[in-house]
Amino acid sequence: MMNGNEYYMHKALELAKRASDSDEVPVGAVVVNQEGTIIGNGHNQVEAKKVQTAHAEVAAIEQAAQTIGDWRLDGCSIYITLEPCRMCMGLIQLSRLSRVIYAVKSPRFGYQLDNMAISSVYKKDVYIEQGVCAGEAQHVLKQFFQQKREKKDECKKARSGCDREGIDRAAK
Ligand SMILES: [Zn+2]
């Protein structure tokens, strides 16, 4: 049986896969209200929208605010397949989300939630939990970057093939 956290993280993982299907780094996020209803979905669309702010969390939070007609998301939780970056963590705090649950750590771009004290500007602590469905989320990311590398290698091979043809032609 899946517990609540795993259920919502699976929804976020489905969104992450949607991102990788359109050649985006696979990150997905869902915002869940206190009743347990998903009120916002988002996946990474940085490449499609050609803007660095099009992170999964931003889309999910915007949709959640639209759904409830209020930017104050007190009591709501956000499930993310990857540790949020600084920008998204700032947005999470501004939106007054109560809980952040993420799957895998992002050593390069993550907020490093495990070793950084969250600023208490808003006099409210954000509950943070890490590692929910981490294996699956890691797998989705690994697969994506592996496919990217393979594509790159193919391009290289194709290019060197052309070069060789050029050299052959020149030799004749
Ligand atoms: Zn972000």
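Computed from a predicted structure; not experimentally measured. One numbering rule holds for all chains: residues counted from 1, following each sequence as written. In keeping with the predicted nature of the model, local features appear solely for residues at pLDDT of at least 70, side-chain atom pairs appear and are counted solely at 80 or more, and the whole-chain, interface and lining totals rest on all residues.

Draft legend 1. Up close: the overall build of the chain. Across its full length, the chain carries five helices and five strands. We call two residues in contact when their backbone-placed C-beta atoms lie within 7 Å. When contacts within the chain are restricted to residue pairs at least 6 apart in sequence, long-range pairs at least 24 apart make up 57% of them. Numbered from the N terminus, helices here are DSSP runs of H or I no shorter than four residues, and strands are runs of E no shorter than two.

Draft legend 2. Molecular detail of the pairing of strand β1 (residues 28–32). The buried fraction of β1 amounts to five of the five residues, a majority that puts the element mostly inside the structure. Using C-beta atoms placed from the backbone, we call a residue buried if 20 or more other C-beta atoms fall within 10 Å of its own, exposed if 12 or fewer do, and partly exposed for counts in between. Burial along β1 is two-sided: G28, V30 and V32 facing one way and A29 and V31 facing the other are all buried. Inspection of the sheet shows β1 paired to strand β2 (residues 38–43) by five bridges, in the antiparallel sense. Residue pairing for β2: G28 is matched across the bridge by H43. Hairpin connection from β1 to β2: five residues lie between these consecutive antiparallel strands, with G36 at a positive phi of about 90 degrees. For two strands to be treated as a pair, DSSP must find no fewer than two bridges joining them. In terms of strand pairing, β1 meets strand β3 (residues 77–82) through four bridges, oriented antiparallel. Pairing of V31 across the sheet is with I78, part of β3.

Draft legend 3. A look at the environment of V100. Position of V100 relative to the elements: it lies in strand β4 (residues 99–104). Distance in space between the C-alpha atoms of V100 and I80 is 7.7 Å, their sequence separation being 20 residues. Residue contacts for V100: discarding those within four places in its chain leaves I78, P84, I92, V126 and I128.

Draft legend 4. Local environment of the sheet that holds β1. Overall, mixed pairing links the five strands, which are arranged β2-β1-β3-β4-β5 in an open sheet. Looking at strand neighbours, the two that pair on one side only are β2 and β5 (127–130), the edges of this open sheet. For this sheet, the mean inter-axis angle between neighbouring strands, taken without regard to orientation, is 15 degrees. The convention used is that axes are lines fitted to C-alpha atoms, helices contributing only their stretch in contact, and that angles between N-to-C directions extend from 0 to 180 degrees. Sitting on the sheet, helix α1 (residues 4–21) is in contact with β1, β2, β3 and β4, with an inclination near 140 degrees to β1.

Draft legend 5. Molecular detail of the nonpolar core. If you look at the biggest cluster of nonpolar residues, it comprises 39 residues, and the most contacted ones within it are M9, A12, A29, V31, A60, I78 and Y79. Those elements that provide at least two residues to this core are α1, β1, α3 (56–68), β3, α4 (86–94), β4 and α5 (134–171). Per-element tally for this core: the top contributor is α1, with seven residues. Leave out the neighbours within four places in its chain, and A12 touches G28, A29, V30, Y79, I80 and T81. To form a nonpolar core, buried Ala, Val, Leu, Ile, Met, Phe, Trp, Tyr and Cys residues must be joined through C-beta atoms within 7 Å.

Draft legend 6. Here's a closer look at the pairing of β4. Most of β4 sits inside the fold, with five of its six residues counted as buried. Relative to β4, β3 runs parallel, the two sharing five bridges. Among the inter-strand pairings, S77 is bridged to a residue of β4, identified as R99. A right-handed crossover is one whose linking path, passing over the helix from the first strand to the second, runs clockwise when the strands point away from the viewer. Read from β3 through α4 to β4, the crossover connection turns out right-handed. Pairing of β4 with β5, which is carried by four bridges, proceeds in the parallel orientation. Directly across from R99, in β5, lies its bridge partner Y127.

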